[in-house]
Amino acid sequence: MEPAQPADRVPADRTPPDGQPPADVPAGEPAATDPTPPPAAAPGRSERSPAVSGKSERSPKDMAISLLVLLVPIALLLAFYRGFLGGDQATTVDPAPAIEQARSANVFPVSQPQGLGAEWKTVSARYQTVEGGANLRLGYLTPEGRGVQLLQSSVPADRLLPAELTSQGQPQGPTELAGRTWQLYTARGNQQALVLLEPTRTMIIVGDARDNELRELAGSLR
């Protein structure tokens, strides 16, 4: 049993003074009736402003300016390539070594153009032995910018013509050029050809050049 307390003992007053926490509440801990409101929640992603959530769309004007910035250097490089490096000019070759090789082989008589204008460009030249004979091929770019090939060969004509003009190549009639009788032939695609048949050599001038340019080349051969 607890010892009896004096009858005149007054219980301790637990009511704190104004503005003070109760005596039995540990220091540093808020009272149960703390009126401080909870902190506000951070705004969700959906509540963010458009300026924070992403970049604004580019206008058509901005896109046009960006495209122009890309095209200007390309145009400058193209102008430099054409103006200073000769980008539009055909690469020319010296036909003399191939012609000399064909003459040294002495398989067939060799002719070459004489007196053609400077607008005619030699773009290829090759001599090679093939089955049944040998070929000398000289490729030209005409003044009108078209391609034409001069072939001199010792391969028999009945094998050479189908190979060069296709099996659909057909004679269209004779024509006199510089004292020689050439035959006008059809060829592959939109090409046409002039053919000169000789005992030890066949000459073919073929390409997409106009008829007058084919005739000019044939008439210059010496």
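Calculation notes
Residues numbered from 1 in each chain as written. Predicted model: local features only at pLDDT ≥ 70, side-chain atom pairs only at ≥ 80, totals over all residues. Heavy atoms only, no water. Core = buried A, V, L, I, M, F, W, Y, C linked by side-chain atoms within 4.5 Å. Buried < 20%, exposed > 50% of the residue type's maximum accessible area, 1.4 Å probe, protein only. Helix = DSSP H or I, 4+ residues; strand = E, 2+ residues; numbered from the N terminus. Contact = heavy atoms within 4.5 Å. Pairing = 2+ DSSP bridges. Axes fitted to C-alpha atoms, helices over the stretch in contact; angles between N-to-C directions. Salt bridge = Lys/Arg side-chain N within 4 Å of Asp/Glu carboxyl O.

Draft legend 1. Fine view of the nonpolar core. Ranked by internal contacts, the top residues of the largest apolar core, which has 25 residues, are Leu136, Tyr140, Val148, Leu150, Trp182, Leu194 and Ile205. Elements that contribute at least two residues to this core include exactly helix 3 (96-105), strand 2 (133-141), strand 3 (147-153), strand 5 (180-186), strand 6 (192-197), strand 7 (202-207) and helix 5 (211-219). Looking at this core element by element, the count peaks at four residues for strand 2. Trp182 has contacts with Gly173, Pro174, Thr175, Leu177, Leu194, Val195, Leu196, Met203, Ile205, Ala218 and Leu221, leaving out every residue within four places of it along the chain.

Draft legend 2. Here's a closer look at the sheet that holds strand 4 (residues 171-177). Strand order in the open sheet formed by seven strands is 1-2-3-7-6-5-4, and the pairing between neighbours is antiparallel. If you trace the sheet from one side to the other, it starts and ends with strand 1 (121-130) and strand 4, each paired once. Taken over all neighbouring pairs, the strand axes of this sheet differ in orientation by 20° on average, direction set aside. Where strand 4 and strand 5 come together, six bridges link them in antiparallel fashion. Looking across to strand 5, one finds that Leu177 is bridged to Arg180.

Draft legend 3. Layout of the pattern of salt bridges. On inspection of all chains with the given rule, the structure shows five salt bridges. Salt-bridge contacts for Glu164 lead to Arg137; the nearest nitrogen and oxygen are separated by 2.7 Å. Taken as a pair, Glu164 in helix 4 (residues 157-165) and Arg137 in strand 2 lie far apart in primary sequence, 27 residues in all. Classification of Glu164 as buried rests on a relative accessible area of 13%. For Asp211, the salt bridge is made with Arg215, and the minimal N-O distance between the two is 2.6 Å. Note that Asp211 and Arg215 are positioned in helix 5 at a spacing of four residues, about one turn of the helix. Each of Glu144, Arg146 and Arg210 takes part in one network of salt bridges that share partners.

From the geometry alone we can't say anything about function, so treat these as descriptive.
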